[in-house]
Amino acid sequence: MKQLVKKTELENGITILTDYMPHAYSVAVGAWIPRGSRHEAPDEYGLSHFYEHLVFKGTKKRCALQIARAIEDKGGNLEAYTTRQETGFYAQIERSHLALAVDVIADMLMNPRMDKSEMEKERRVIIEEIHSYDDIPEEIVGDIFNAIHFKGSGIAHSITGTIKQVNALTHKQMLRYKKQVIDEIPLLVCASGKVDHEELVRLCAEKFACKKTRGPLPADVYKAHNSVKVVQKQDIAQSNLFWGLSFDRNLMDERGRCALSLFNVAMGAGMASRLFQKIREDRGLAYSVYSTADIYRDCTDWGVSLATEPQQLKTAMELSLDETRNFLKHGFKKGEFERTKTNILGGMYLGADSPEKRVVRMAEQMLHLGEFRTMEESERIIKNITEGEVVETVNRLFDSAKFSAAVIEPAGRKKTKLDVDFFNEKGRRLNQLK
């Protein structure tokens, strides 16, 4: 699975990567700002996400409708997102319209109007977006987990900010952030598909001509705690749980990342996973149950999410804990290790057909890992990694981790109590269980 990847760094702080796919009809191209919600000061919470919205509201040469039509009229699509680590803008379009896509994205980032009246309209839109998340307990419980587990670091606060925080954001702050994007923050431009690297370099030099010199990356501060929080909410029927852990990313190299990925897929990344089979299929306790892993520049977290009847919460939680303890003590079940490898490799091969998936993978590796690993390199590690190495790695990572649990449950009942040492409540480290 060879990738034809090229990289160029411009003097104005733009790094350009291309992943050439000779048989593709389309190209996915985008620009990423290595600044997300975790880099915001307390009076800026929600600013990165607000900025992502506001640049769609018009530039010096395009109104909001013209921005939308520029790409959509060519059959393409224009996307944007904000995470705790970065803000991204990318388009997928037929290859002959590459210059148009770069022009639109550069126009949005280099020439946004930041009109006051448009900001007020979009403020209302974002508040409605926050209301929509407030109606999804699964979203709320994840934010509660981050708030208690990462207290004291930027990861703790939500990406959108609260309604109060969004209402407090000012036009002056937005203009200052616009200036930072143009003058200080380095930008990453990535493209995948039938794209000529030198052509994209020329386009970036032209379209991002007003970008100033490269500044330092925003500082990342990692703090984690053992913590538990239970919140009650009206108008919900189920109890939603997220329990998990985190550890310093320096404890995990590329092989470690592959080991964690194998563990995560085996535990809860699909219908054949342990958590799904044990909690949903065998016991019928939950409709939604899965595990997830997030890799940041300075840390990694892993966690389990599920929703169940309030009276079944502790049973479902204990089952998920037992399955995790089981893995740490006994490792993979018979045939599970090879099936999990095949699962990950198959997903990688399927994603290799998509310029969009490839460009997002490239960008997020650069932003989260500081380097790009080809699919060929990842494939080689996955094929060569041993079962014992995965089990040893996961045990080592868990042994150094902090653990937290968050619950959101229906109001009007006795509040669930969880011990802060829930993961080792029997008084022993998991890898010492007999």
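Residues numbered from 1 in each chain as written. Predicted model: local features only at pLDDT ≥ 70, side-chain atom pairs only at ≥ 80, totals over all residues. Heavy atoms only, no water.

### Remarks on the pattern of salt bridges
Test applied: Put simply, a salt bridge is a Lys or Arg side-chain nitrogen that is within 4 Å of an Asp or Glu carboxyl oxygen. Under the DSSP-based scheme used, a helix requires at least four consecutive residues in state H or I and a strand at least two consecutive residues in state E, with every element numbered from the N terminus. Throughout, exposure labels follow a simple rule: accessible area from a 1.4 Å probe, protein chains only, divided by the maximum for the residue type, with under 20% read as buried, over 50% as exposed, and the rest as partly exposed.
Using the criterion set out here, one finds 35 salt bridges in the structure. Put simply, K61 and D103 hold a salt bridge, and the shortest N to O gap is 3.3 Å. Placement of K61 in the loop between α1 (47–54) and α2 (64–72) and of D103 in helix α3 (residues 98–110) is noted, with a sequence separation of 42 residues between them. Given the relative accessible area of 52%, K61 is considered exposed.

### Description of α3
The line we're drawing: One less than the number of residues in a helix, times 1.5 Å, gives the span that helix is expected to have.
The end-to-end C-alpha distance of α3 is 18 Å, a good match for the 18 Å that 13 residues give at a rise of 1.5 Å each. Among the residues of α3, those classed as buried are L98, A101, V102, D103, V104, I105, A106, D107, M108, L109 and M110.

### A short note on the nonpolar core
Cut-off, in case you're wondering: For our purposes a nonpolar core is just a set of buried Ala, Val, Leu, Ile, Met, Phe, Trp, Tyr and Cys residues, chained together by side-chain atoms within 4.5 Å. Contacts were defined at the residue level, with two residues in contact if any of their heavy atoms lie within 4.5 Å.
Core analysis: the biggest nonpolar cluster contains 52 residues, and W243, I279, F327, V390 and F398 have the highest contact counts within it. Here the element with the most residues in this core is helix α9 (residues 254–268); it accounts for eight residues. Beyond its immediate stretch of four places on either side in the chain, I279 contacts G284, L285, A286, V289, L306, A316, L319 and S320.

### Some points on the sheet that holds strand β5 (residues 87–94)
Let me state the cut-off plainly: Two strands are counted as paired when DSSP detects at least two bridges linking them. Interaxial angles span 0 to 180 degrees and are taken between N-to-C directions of axes, which are lines fitted to C-alpha atoms, for helices over the stretch in contact.
Judged by pairing direction, the sheet is mixed, and its six strands sit side by side in the order β1-β2-β6-β3-β5-β4 without closing on themselves. The open sheet terminates on both sides in strands that have one partner only, identified here as β1 (4–9) and β4 (77–82). Between one strand and the next, the sheet's axes are offset by a mean angle of 15°, whatever the strand orientation. Across six bridges, the pairing between β4 and β5 is antiparallel. Counterpart to E79 in the pairing with β5 is Y90. Lying on the sheet, helix α13 (residues 355–369) is in contact with β1, β2 (14–20), β3 (26–33), β4, β5 and β6 (187–193); it crosses β6 at an angle near 150°.

### Let's talk about the sheet that holds strand β10 (residues 299–308)
Taken together, five strands build an open sheet; the order of strands is β7-β11-β8-β10-β9 and the sheet is mixed. What marks the edges here is a single partner per strand, and that holds for β7 (227–233) and β9 (289–295). Here the strands of the sheet are splayed against their neighbours by 15° on average, with no regard to which way each runs. Bridge count between β9 and β10: seven bridges; the pairing is antiparallel. Along β10, the bridge assignment pairs Y290 with S305. Contacts between α9 and the sheet are confined to β8 (239–248), β9 and β10, with β9 contributing the most and set at about 165° to the helix.

### Observations concerning helix α11 (residues 313–330)
Between its first and last C-alpha atoms α11 spans 25 Å; for 18 residues at 1.5 Å apiece the expected length is 26 Å, and the two agree. Taken residue by residue, α11 has L313, A316, M317, L319, S320, L321, E323, T324, R325, F327 and L328 as its buried positions. Buried positions along α11 lie against β8, α9, α10 (274–282), β10, α15 (387–399) and β11 (402–410). Phi turns positive one or two residues past the end of α11, at G331, with a value near 75°.

### Remarks on the packing of helix α12 (residues 336–351) against helix α14 (residues 375–384)
Convention followed: When describing relative orientation, an angle under 35 degrees is termed roughly parallel and one over 145 degrees roughly antiparallel, while 65 to 115 degrees is termed roughly perpendicular and anything else oblique. Each residue is assigned to one class: nonpolar for Ala, Val, Leu, Ile, Met, Phe, Trp, Tyr, Cys and Pro, charged for Asp, Glu, Lys and Arg, and polar for all the others, Gly among them.
Following both chains from N to C, one finds α12 and α14 inclined at 170°, their axes separated by 10 Å at the closest point. By the criterion of interaxial angle, the relationship of α12 to α14 is roughly antiparallel. Where α12 approaches α14, its residues K341, I344, L345, M348 and Y349 are matched on the opposing element by M375, S378, E379, I382, K383 and N384. Classifying every residue of the contact of α12 with α14 gives six nonpolar, two polar and three charged.

### Notes on the confidence of the model for the protein chain
Quick reminder of the rule: Per-residue confidence from the predictor is reported as pLDDT, which spans 0 to 100.
Residue-level pLDDT values for the protein chain average 95, and 97% of them are 70 or greater. With pLDDT under 50 throughout, residues 426–434 is counted as low confidence; its partners more than four residues away or in other chains account for 13 contacts.

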